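# Structural characterization, general
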Amino acid sequence: PYDHSLVLLAIALLSIGLVVVTSASMPVADRLFGNPFHFAIRHGIYVVLAMFTALIVMQIPMRWWRMSNVWLLLLAVVLLISVLVLGRSVNGSTRWLVVGPITIQAAEPAKLFFFCYLSGYLVRRYEEVTDNIKGFIKPLVVFFALALLLLLQPDLGTVVVMLFTTIGLLFLAGAKLWQFFSLAITGTLAVVLLIVFKEYRVRRITSFLDPWADPFGSGYQLTQSLMAYGRGDVFGQGLGNSLQKLEYLPEAHTDFIMAILAEELGFAGVLTVLVIMLVIVMKAMTMGNLALRKERPFDAYLAYSIGIWFSIQTAVNVGASAGVLPTKGLTFPLLSYGGSSLIVMSVAVAILVRIDFEMRV
(Lines give C-alpha, C1' and ligand atoms only; values in the text may rest on other atoms or scores of the structure.)
Protein backbone atom coordinates (compact mmCIF):
# COMPACT_ATOMS: atom_id res chain seq x y z
CA PRO A 1 0.00 0.00 0.00
CA TYR A 2 2.70 2.54 -0.94
CA ASP A 3 4.24 4.04 -4.07
CA HIS A 4 6.85 1.50 -5.23
CA SER A 5 7.89 3.65 -8.19
CA LEU A 6 8.83 6.60 -5.91
CA VAL A 7 11.05 4.33 -3.80
CA LEU A 8 12.66 2.80 -6.91
CA LEU A 9 13.34 6.24 -8.44
CA ALA A 10 15.02 7.43 -5.22
CA ILE A 11 17.13 4.23 -5.07
CA ALA A 12 18.05 4.71 -8.75
CA LEU A 13 19.38 8.23 -8.00
CA LEU A 14 21.30 6.97 -4.94
CA SER A 15 22.84 4.18 -7.04
CA ILE A 16 23.83 6.46 -9.93
CA GLY A 17 25.26 8.88 -7.37
CA LEU A 18 27.37 6.14 -5.74
CA VAL A 19 28.82 5.09 -9.13
CA VAL A 20 29.57 8.64 -10.34
CA VAL A 21 30.97 9.81 -6.95
CA THR A 22 33.27 6.74 -6.93
CA SER A 23 34.52 7.61 -10.43
CA ALA A 24 34.84 11.36 -9.81
CA SER A 25 36.59 11.15 -6.43
CA MET A 26 39.31 8.57 -7.18
CA PRO A 27 42.19 10.93 -8.17
CA VAL A 28 41.69 13.41 -5.30
CA ALA A 29 41.14 10.56 -2.76
CA ASP A 30 44.35 8.87 -3.92
CA ARG A 31 46.35 12.10 -3.50
CA LEU A 32 44.87 13.10 -0.12
CA PHE A 33 44.51 9.70 1.58
CA GLY A 34 46.53 7.24 -0.51
CA ASN A 35 43.33 5.27 -1.08
CA PRO A 36 41.35 5.94 -4.32
CA PHE A 37 38.19 4.51 -2.73
CA HIS A 38 38.26 6.71 0.41
CA PHE A 39 35.33 8.93 -0.64
CA ALA A 40 33.54 6.01 -2.32
CA ILE A 41 33.54 3.99 0.93
CA ARG A 42 32.33 6.99 2.93
CA HIS A 43 29.62 7.71 0.37
CA GLY A 44 28.55 4.04 0.46
CA ILE A 45 28.22 4.27 4.26
CA TYR A 46 26.17 7.47 3.88
CA VAL A 47 23.86 5.76 1.36
CA VAL A 48 23.27 2.83 3.75
CA LEU A 49 22.68 5.26 6.66
CA ALA A 50 20.30 7.32 4.50
CA MET A 51 18.26 4.24 3.53
CA PHE A 52 18.17 2.99 7.13
CA THR A 53 17.06 6.44 8.39
CA ALA A 54 14.41 6.61 5.65
CA LEU A 55 13.02 3.21 6.72
CA ILE A 56 12.67 4.48 10.30
CA VAL A 57 11.03 7.76 9.18
CA MET A 58 8.52 5.81 7.06
CA GLN A 59 7.18 4.32 10.31
CA ILE A 60 6.48 7.76 11.84
CA PRO A 61 2.84 8.87 11.33
CA MET A 62 2.26 12.28 9.73
CA ARG A 63 0.38 13.28 12.89
CA TRP A 64 3.74 13.37 14.74
CA TRP A 65 5.24 15.79 12.19
CA ARG A 66 2.12 17.98 12.42
CA MET A 67 2.23 18.08 16.25
CA SER A 68 6.03 18.58 16.48
CA ASN A 69 6.66 21.20 13.79
CA VAL A 70 7.27 24.08 16.26
CA TRP A 71 9.76 21.96 18.23
CA LEU A 72 11.50 21.00 14.98
CA LEU A 73 11.83 24.71 14.12
CA LEU A 74 13.42 25.35 17.55
CA LEU A 75 15.82 22.45 16.89
CA ALA A 76 16.75 24.04 13.55
CA VAL A 77 17.51 27.35 15.30
CA VAL A 78 19.61 25.56 17.97
CA LEU A 79 21.58 23.72 15.25
CA LEU A 80 22.27 26.92 13.30
CA ILE A 81 23.39 28.80 16.45
CA SER A 82 25.55 25.82 17.52
CA VAL A 83 27.33 25.90 14.14
CA LEU A 84 28.25 29.56 14.62
CA VAL A 85 29.58 28.89 18.14
CA LEU A 86 31.14 25.41 17.81
CA GLY A 87 31.28 24.78 14.07
CA ARG A 88 34.25 23.79 11.92
CA SER A 89 35.38 26.17 9.15
CA VAL A 90 36.20 24.92 5.65
CA ASN A 91 37.22 27.34 2.84
CA GLY A 92 36.12 30.34 4.93
CA SER A 93 32.62 29.00 5.71
CA THR A 94 31.52 27.73 9.12
CA ARG A 95 28.79 25.21 8.21
CA TRP A 96 29.71 21.94 9.92
CA LEU A 97 29.15 20.55 13.42
CA VAL A 98 31.59 17.80 14.37
CA VAL A 99 30.25 15.20 16.83
CA GLY A 100 32.91 12.50 17.22
CA PRO A 101 33.29 10.80 13.82
CA ILE A 102 30.06 12.42 12.53
CA THR A 103 30.01 15.73 10.64
CA ILE A 104 26.61 17.45 10.38
CA GLN A 105 25.86 20.29 7.96
CA ALA A 106 23.22 22.06 10.05
CA ALA A 107 21.63 23.87 7.07
CA GLU A 108 20.32 20.58 5.63
CA PRO A 109 18.01 19.51 8.53
CA ALA A 110 17.17 23.23 9.07
CA LYS A 111 15.59 23.36 5.59
CA LEU A 112 13.36 20.34 6.23
CA PHE A 113 12.37 21.49 9.75
CA PHE A 114 11.50 24.99 8.49
CA PHE A 115 9.28 23.54 5.74
CA CYS A 116 7.54 21.37 8.38
CA TYR A 117 6.93 24.48 10.49
CA LEU A 118 5.69 26.47 7.50
CA SER A 119 3.26 23.67 6.53
CA GLY A 120 1.95 23.54 10.11
CA TYR A 121 1.63 27.34 10.23
CA LEU A 122 -0.40 27.39 7.00
CA VAL A 123 -2.80 24.82 8.49
CA ARG A 124 -3.17 26.69 11.79
CA ARG A 125 -3.40 30.19 10.32
CA TYR A 126 -4.87 29.55 6.86
CA GLU A 127 -7.54 32.29 7.19
CA GLU A 128 -4.96 34.82 8.41
CA VAL A 129 -2.53 34.07 5.58
CA THR A 130 -5.16 34.43 2.86
CA ASP A 131 -7.12 37.32 4.38
CA ASN A 132 -4.66 39.80 5.91
CA ILE A 133 -1.07 40.94 5.61
CA LYS A 134 -0.22 40.19 9.26
CA GLY A 135 -0.75 36.44 8.84
CA PHE A 136 1.25 36.51 5.61
CA ILE A 137 4.24 38.30 7.20
CA LYS A 138 4.55 36.15 10.39
CA PRO A 139 6.21 33.12 8.70
CA LEU A 140 8.46 35.53 6.78
CA VAL A 141 9.79 36.88 10.11
CA VAL A 142 10.76 33.31 11.07
CA PHE A 143 12.36 32.84 7.63
CA PHE A 144 14.27 36.13 8.07
CA ALA A 145 15.68 34.95 11.44
CA LEU A 146 16.85 31.64 9.92
CA ALA A 147 18.24 33.45 6.87
CA LEU A 148 20.27 35.74 9.15
CA LEU A 149 21.81 32.73 10.94
CA LEU A 150 22.59 31.10 7.57
CA LEU A 151 24.16 34.27 6.17
CA LEU A 152 26.49 34.46 9.18
CA GLN A 153 27.99 31.08 8.12
CA PRO A 154 27.85 32.37 5.20
CA ASP A 155 25.48 30.19 3.11
CA LEU A 156 23.57 32.26 0.56
CA GLY A 157 22.67 29.19 -1.55
CA THR A 158 20.53 27.64 1.19
CA VAL A 159 18.83 31.01 1.84
CA VAL A 160 17.91 31.28 -1.87
CA VAL A 161 16.46 27.73 -1.91
CA MET A 162 14.44 28.38 1.27
CA LEU A 163 13.23 31.77 -0.03
CA PHE A 164 11.89 30.44 -3.33
CA THR A 165 10.37 27.37 -1.66
CA THR A 166 8.60 29.69 0.83
CA ILE A 167 7.33 31.92 -2.00
CA GLY A 168 6.07 28.88 -3.94
CA LEU A 169 4.37 27.34 -0.92
CA LEU A 170 2.61 30.59 0.09
CA PHE A 171 1.40 30.97 -3.49
CA LEU A 172 0.04 27.39 -3.59
CA ALA A 173 -1.58 27.93 -0.18
CA GLY A 174 -3.69 30.74 -1.64
CA ALA A 175 -1.86 33.96 -0.81
CA LYS A 176 -3.11 36.93 -2.81
CA LEU A 177 -1.26 37.74 -6.04
CA TRP A 178 -0.08 41.16 -4.84
CA GLN A 179 1.36 39.55 -1.71
CA PHE A 180 3.06 36.89 -3.83
CA PHE A 181 4.60 39.40 -6.26
CA SER A 182 5.66 41.82 -3.53
CA LEU A 183 7.41 38.96 -1.68
CA ALA A 184 9.05 37.70 -4.88
CA ILE A 185 10.32 41.20 -5.81
CA THR A 186 11.49 42.01 -2.25
CA GLY A 187 13.24 38.63 -1.95
CA THR A 188 15.01 39.04 -5.29
CA LEU A 189 16.12 42.59 -4.38
CA ALA A 190 17.44 41.34 -1.03
CA VAL A 191 19.48 38.60 -2.76
CA VAL A 192 20.87 41.18 -5.24
CA LEU A 193 21.89 43.48 -2.35
CA LEU A 194 23.53 40.56 -0.48
CA ILE A 195 25.57 39.86 -3.62
CA VAL A 196 26.51 43.52 -4.24
CA PHE A 197 27.82 44.09 -0.70
CA LYS A 198 30.20 41.09 -0.76
CA GLU A 199 33.12 41.33 -3.14
CA TYR A 200 33.62 37.56 -3.56
CA ARG A 201 29.93 37.18 -4.55
CA VAL A 202 30.29 39.97 -7.14
CA ARG A 203 33.36 38.16 -8.53
CA ARG A 204 31.28 34.98 -8.81
CA ILE A 205 28.62 36.83 -10.82
CA THR A 206 31.13 38.52 -13.15
CA SER A 207 33.06 35.27 -13.68
CA PHE A 208 29.81 33.41 -14.36
CA LEU A 209 28.77 35.96 -17.01
CA ASP A 210 32.11 35.62 -18.83
CA PRO A 211 34.25 32.82 -17.34
CA TRP A 212 36.65 32.90 -20.32
CA ALA A 213 37.72 36.47 -19.40
CA ASP A 214 39.85 34.95 -16.60
CA PRO A 215 40.00 31.19 -17.33
CA PHE A 216 42.88 30.56 -14.86
CA GLY A 217 41.51 32.80 -12.08
CA SER A 218 37.92 33.55 -11.09
CA GLY A 219 36.49 31.67 -14.10
CA TYR A 220 38.65 28.56 -13.66
CA GLN A 221 36.11 26.22 -12.06
CA LEU A 222 33.33 27.08 -14.52
CA THR A 223 35.53 26.83 -17.63
CA GLN A 224 36.72 23.37 -16.53
CA SER A 225 33.09 22.36 -15.89
CA LEU A 226 32.04 23.59 -19.35
CA MET A 227 34.90 21.60 -20.91
CA ALA A 228 33.57 18.50 -19.16
CA TYR A 229 30.08 19.12 -20.60
CA GLY A 230 31.57 19.71 -24.04
CA ARG A 231 33.63 16.50 -24.02
CA GLY A 232 30.58 14.49 -22.96
CA ASP A 233 28.74 15.01 -26.27
CA VAL A 234 25.67 12.72 -26.63
CA PHE A 235 26.76 9.44 -25.02
CA GLY A 236 29.87 10.51 -23.09
CA GLN A 237 33.47 9.31 -22.93
CA GLY A 238 32.50 6.19 -21.00
CA LEU A 239 32.34 5.51 -17.27
CA GLY A 240 35.70 6.27 -15.63
CA ASN A 241 37.12 8.09 -18.68
CA SER A 242 36.74 11.68 -17.47
CA LEU A 243 39.78 13.94 -17.84
CA GLN A 244 38.40 16.80 -15.73
CA LYS A 245 38.24 14.61 -12.61
CA LEU A 246 42.06 14.32 -12.73
CA GLU A 247 42.10 17.36 -10.44
CA TYR A 248 41.47 19.88 -13.23
CA LEU A 249 37.93 20.50 -11.91
CA PRO A 250 37.82 21.40 -8.16
CA GLU A 251 34.98 19.86 -6.08
CA ALA A 252 34.35 17.33 -8.87
CA HIS A 253 32.60 14.80 -6.59
CA THR A 254 30.46 17.32 -4.65
CA ASP A 255 29.09 20.54 -6.18
CA PHE A 256 30.18 19.70 -9.76
CA ILE A 257 29.17 16.04 -9.87
CA MET A 258 26.89 16.73 -12.85
CA ALA A 259 29.84 17.95 -14.95
CA ILE A 260 31.65 14.62 -14.46
CA LEU A 261 28.40 12.71 -15.09
CA ALA A 262 27.98 14.73 -18.33
CA GLU A 263 31.56 14.00 -19.42
CA GLU A 264 31.37 10.26 -18.75
CA LEU A 265 27.74 9.50 -19.63
CA GLY A 266 27.00 12.40 -21.97
CA PHE A 267 23.73 14.20 -22.67
CA ALA A 268 21.90 10.86 -22.35
CA GLY A 269 23.16 10.41 -18.76
CA VAL A 270 22.28 13.98 -17.73
CA LEU A 271 18.81 13.68 -19.31
CA THR A 272 18.17 10.36 -17.50
CA VAL A 273 19.04 11.86 -14.10
CA LEU A 274 16.96 15.01 -14.74
CA VAL A 275 13.94 12.96 -15.88
CA ILE A 276 14.16 10.82 -12.70
CA MET A 277 14.22 13.98 -10.58
CA LEU A 278 11.36 15.51 -12.61
CA VAL A 279 9.19 12.43 -11.99
CA ILE A 280 9.94 12.55 -8.23
CA VAL A 281 8.98 16.27 -8.15
CA MET A 282 5.80 15.66 -10.18
CA LYS A 283 4.83 12.82 -7.81
CA ALA A 284 5.33 15.15 -4.82
CA MET A 285 3.13 17.87 -6.39
CA THR A 286 0.46 15.33 -7.40
CA MET A 287 0.48 13.97 -3.83
CA GLY A 288 -0.03 17.53 -2.56
CA ASN A 289 -3.09 17.98 -4.80
CA LEU A 290 -4.55 14.62 -3.72
CA ALA A 291 -3.94 15.36 -0.01
CA LEU A 292 -5.77 18.69 -0.34
CA ARG A 293 -8.75 16.93 -1.93
CA LYS A 294 -8.73 14.39 0.93
CA GLU A 295 -8.67 17.27 3.46
CA ARG A 296 -5.14 16.60 4.73
CA PRO A 297 -3.73 20.15 4.35
CA PHE A 298 -0.54 19.63 6.41
CA ASP A 299 0.44 16.60 4.31
CA ALA A 300 -0.37 18.57 1.14
CA TYR A 301 1.76 21.61 2.03
CA LEU A 302 4.69 19.45 3.17
CA ALA A 303 4.54 17.43 -0.08
CA TYR A 304 4.42 20.69 -2.09
CA SER A 305 7.39 22.14 -0.19
CA ILE A 306 9.50 18.99 -0.72
CA GLY A 307 8.67 19.04 -4.45
CA ILE A 308 9.56 22.74 -4.83
CA TRP A 309 12.72 22.33 -2.70
CA PHE A 310 14.01 19.39 -4.77
CA SER A 311 13.29 21.17 -8.07
CA ILE A 312 14.98 24.46 -7.07
CA GLN A 313 18.04 22.77 -5.57
CA THR A 314 18.42 20.60 -8.71
CA ALA A 315 18.06 23.68 -10.95
CA VAL A 316 20.68 25.63 -8.95
CA ASN A 317 23.17 22.71 -8.89
CA VAL A 318 22.88 21.88 -12.61
CA GLY A 319 22.61 25.55 -13.60
CA ALA A 320 25.83 26.40 -11.71
CA SER A 321 27.83 23.57 -13.28
CA ALA A 322 26.46 24.31 -16.79
CA GLY A 323 27.18 28.06 -16.54
CA VAL A 324 23.51 29.11 -16.55
CA LEU A 325 23.57 30.34 -12.92
CA PRO A 326 26.33 31.69 -10.64
CA THR A 327 28.39 29.07 -8.80
CA LYS A 328 26.71 28.02 -5.53
CA GLY A 329 27.73 25.28 -3.12
CA LEU A 330 24.52 23.25 -3.29
CA THR A 331 24.34 19.48 -3.73
CA PHE A 332 22.26 17.61 -6.31
CA PRO A 333 19.51 15.85 -4.26
CA LEU A 334 20.26 12.15 -3.60
CA LEU A 335 23.25 12.23 -6.00
CA SER A 336 26.14 14.40 -4.73
CA TYR A 337 28.67 13.37 -2.09
CA GLY A 338 27.75 14.49 1.43
CA GLY A 339 26.24 12.66 4.39
CA SER A 340 23.93 15.37 5.79
CA SER A 341 22.42 16.14 2.39
CA LEU A 342 21.90 12.46 1.48
CA ILE A 343 20.27 11.58 4.80
CA VAL A 344 17.97 14.64 4.91
CA MET A 345 16.91 14.24 1.26
CA SER A 346 16.20 10.53 1.88
CA VAL A 347 14.11 11.48 4.93
CA ALA A 348 12.16 13.91 2.70
CA VAL A 349 11.45 11.08 0.21
CA ALA A 350 10.43 8.82 3.12
CA ILE A 351 7.95 11.51 4.25
CA LEU A 352 6.46 11.54 0.72
CA VAL A 353 6.12 7.73 0.85
CA ARG A 354 4.42 8.03 4.26
CA ILE A 355 2.00 10.71 3.00
CA ASP A 356 1.07 8.45 0.07
CA PHE A 357 0.74 5.41 2.38
CA GLU A 358 -1.62 7.23 4.78
CA MET A 359 -3.80 8.46 1.92
CA ARG A 360 -4.09 4.91 0.54
CA VAL A 361 -4.77 3.29 3.94
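Not measured: the values here are computed from a predicted model.

Further remarks concern unusual backbone geometry. The phi dihedral of D233 falls on the positive side, at around 55°, and the residue is not glycine. Here D233 lies in the loop between α10 (220–232) and α11 (257–293). Phi angles above zero are rare outside glycine, and L334 is one such case at about 70°. Tracing the backbone through its elements, the reader meets L334 in the loop between α12 (297–321) and α13 (339–360). Judged by relative accessible area, L334 falls into the buried class, the value being 1%.

The subject of this paragraph is the side chain of T331. Locating T331 in the fold gives a position in the loop between α12 and α13. Exposure remark for T331: the relative accessible area of 11% places this residue in the buried category. Reaching out from T331, the side chain makes a polar contact with the side chain of Q313 at a distance of 3.2 Å. Reaching out from T331, the side chain makes a polar contact with the side chain of S341 at a distance of 2.8 Å.

Attention now goes to the environment of S225. For S225, the position within the fold is in helix α10. Residues S225 and A110, 115 residues apart in the sequence, show an inter-C-alpha distance of 30 Å. Setting aside chain neighbours within four positions, we find S225 in contact with L249, F256, A259 and S321.

In this structure, T254 sits in the loop between α10 and α11. With a relative accessible area of 13%, T254 lands in the buried category. Setting aside anything within four residues of it in sequence, one finds T254 in contact with S336 and Y337.

Turning our eyes to something else, we now look at α10. Counted at 1.5 Å a residue, the expected span for α10 with its 13 residues is 18 Å, and the 19 Å between its end C-alpha atoms agrees. Considered for burial, the residues of α10 that qualify are L222, T223, Q224, S225, A228 and G232. One or two steps after α10, the chain reaches D233, where phi turns positive at roughly 55°.

Axis separation between helix α7 (residues 156–172) and α12 bottoms out at 9 Å; the angle between their running directions is 140°. With respect to α12, the element α7 is oriented oblique. Viewed along their axes, α7 and α12 form a crossing whose handedness is right-handed. Together, V161, F164, T165, G168, L169 and L172 of α7 and Y301, Y304, S305, I308, W309, I312 and Q313 of α12 make up the contact between the two elements. A class-by-class count of the residues in the contact of α7 with α12 yields nine nonpolar, four polar and no charged.

With that settled, consider the nonpolar core. The tendency in soluble globular proteins is for nonpolar side chains to be buried as a group. One finds F114, W309, F310 and I351 to be the most contacted residues of the largest nonpolar core, which totals 111 residues. No other element matches α11, which puts 15 residues into this core. In contact with I351, not counting residues within four places along its chain, are V57, M62, W65, L112, L302 and I306.

A few words on the packing of helix α6 (residues 133–151) against helix α8 (residues 177–196). Here α6 crosses α8 at 20°, and the two axes come no closer than 12 Å. Between α6 and α8, the interaxial angle falls into the category roughly parallel. Note on packing geometry: the crossing formed by α6 with α8 is right-handed. In this structure, α6 contributes I133, F136, L140 and L151 to the contact, and α8 contributes W178, Q179, F180, L183 and L194. Of the residues belonging to the contact of α6 with α8, the class tally is eight nonpolar, one polar and no charged.

A few words on the pattern of salt bridges. Should the charged atoms of two oppositely charged side chains come close, the side chains can pair. In total, this model carries nine salt bridges according to the counting rule given. E247 serves as the salt-bridge partner of R31, at 2.8 Å between the closest nitrogen and oxygen. In this pair, R31 is assigned in helix α1 (residues 4–33) and E247 in the loop between α10 and α11, connecting sequence segments 216 residues apart. When its relative accessible area of 36% is taken as the criterion, E247 is described as partly exposed. Across the pair R360 and D356 runs a salt bridge whose closest N-O atoms are separated by 2.7 Å. Within this pair, R360 and its partner D356 are both found in helix α13, separated by four residues, close to a single helical turn.

Conventions we followed
Residues numbered from 1 in each chain as written. Predicted model: local features only at pLDDT ≥ 70, side-chain atom pairs only at ≥ 80, totals over all residues. Heavy atoms only, no water. Helix = DSSP H or I, 4+ residues; strand = E, 2+ residues; numbered from the N terminus. Buried < 20%, exposed > 50% of the residue type's maximum accessible area, 1.4 Å probe, protein only. Polar contact = N/O pair within 3.5 Å; in protein donor to acceptor, adjacent residues only side chain to side chain. Contact = heavy atoms within 4.5 Å. Expected span 1.5 Å × (residues − 1). Axes fitted to C-alpha atoms, helices over the stretch in contact; angles between N-to-C directions. Parallel < 35°, antiparallel > 145°, perpendicular 65-115°, else oblique. Left-handed = near helix turned anticlockwise from the far one by under 90°. Nonpolar A, V, L, I, M, F, W, Y, C, P; charged D, E, K, R; others polar. Core = buried A, V, L, I, M, F, W, Y, C linked by side-chain atoms within 4.5 Å. Salt bridge = Lys/Arg side-chain N within 4 Å of Asp/Glu carboxyl O.

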